[in-house]
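As a plain string of letters, each chain reads:
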Amino acid sequence: MSASTQGTTALPETRHFPGHCTLEVALKTVVDVYHRYSTREGKPDLLSFNDFEALLTEQAPTFLQACNRKNPNYLRNLFKETDLNKDREVAFEEFTMVLAKLSDDAHRLIHHQDRCTPDKP
Amino acid sequence: MKTDLELALDCIINVYHQYAVKKPIDDYLSKDEFSALLKENAQPFLRNTVPPKTSINDYISKLFTRADANHNGRLKFTEFMTTLNRVFIDAHNRSHKHPAHPEGGHDHDHGHSP
């Protein structure tokens, strides 16, 4: 199942995910996951810190395992950074910043690139 | 065992790679690859967010230029993500518009399921 790793820039094999992997299905899944947590506490379409922390801990364990992201302050700081309008809630539009980080991390992992350095131009 | 979110993001990366590997074979999206990706996979996003009196092709050009932060004529993955954020936001907006079935309104969806 694992791709051969000849070099750091080798393209991955096309994987086949369970079910039908299309962009539309993936988008619906992301939105659905967001709502699963946003509805738990406070306003149903916004993530409180507890919602945010639970979402990432339960749904993004691979991301959190690297780069000292398990440091107790990491999620607090990430929440503050994501909460652009400082209303102590993260709206979906703000949450896309976190989705970008998660996707970048997953993409680097596939290419066996360093996950912890800042993005290169 | 991957989570739902991890699988969904892996799927999105997979879609990116399907288009990035077209000629030239590399891990970047040319303008043509970017355009094909959106036209073939993100029709709802394009229809919902295209500005008035703008063609889809012009809109895609604008999106590409906006995403190409280092102006090198191609998009690496993190540049592409800036467009994808808009696609996510449109998907979220749509989730609040269509509870059971579409009501009469601006959406003229005749059940196109790609």
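Residues numbered from 1 in each chain as written. Chains lettered and ligands numbered in written order. Predicted model: local features only at pLDDT ≥ 70, side-chain atom pairs only at ≥ 80, totals over all residues. Heavy atoms only, no water.

A. Expanded view of the state of the cysteines. Applying the stated criterion to the full structure yields 2 disulfides over all chains. Paired by a disulfide, Cys21(A) and Cys11(B) hold their sulfur atoms 2.0 Å apart. Taking the sign of the S-S torsion, 105° for the link of Cys21(A) and Cys11(B), the bridge is right-handed. Of the two residues, Cys21(A) is situated in the segment before helix H1 (23-38) and Cys11(B) in helix H1 (residues 4-20); the pairing between them involves two chains. Of the residues examined, Cys21(A) reaches a relative accessible area of 22% and is grouped as partly exposed. What makes Cys11(B) buried here is its relative accessible area of 5%. (Disulfide = S-S within 2.5 Å. Helix = DSSP H or I, 4+ residues; strand = E, 2+ residues; numbered from the N terminus. Buried < 20%, exposed > 50% of the residue type's maximum accessible area, 1.4 Å probe, protein only.)

B. Fine view of the packing of aromatic side chains. Evaluation of the coordinates by the stated rule reveals 11 aromatic pairs over all chains. On the numbers, 5.0 Å between centres and 85° between planes, the contact of Tyr16(B) with Phe77(B) is edge-to-face. One end of the pair, Tyr16(B), is in helix H1; the other, Phe77(B), is in helix H5 (residues 77-97), and 61 residues separate them in sequence. Through successive ring pairs, a cluster of aromatic residues spans Tyr34(A), Phe92(A) and Phe95(A). Sitting over the ring of Phe63(A), Arg69(A) keeps its end group 3.9 Å from the ring centre. (Phe/Tyr/Trp six-rings, centres within 6.5 Å; stacked < 30°, edge-to-face > 60°. Lys NZ or Arg CZ within 6 Å of the ring centre and 35° of its normal.)

C. The arrangement of unusual backbone geometry in detail. Unusually for a residue other than glycine, Lys86(A) sits at a positive phi of about 55°. You can see Lys86(A) is positioned in the loop between helix H4 (74-82) and helix H5 (92-110). Here the phi dihedral of Lys53(B) falls at roughly 60°; this positive angle occurs in a residue that is not glycine. With respect to the helices and strands, the residue Lys53(B) is situated in the loop between helix H3 (43-49) and helix H4 (56-67).

Purely spatial values, then, with no claim about function.
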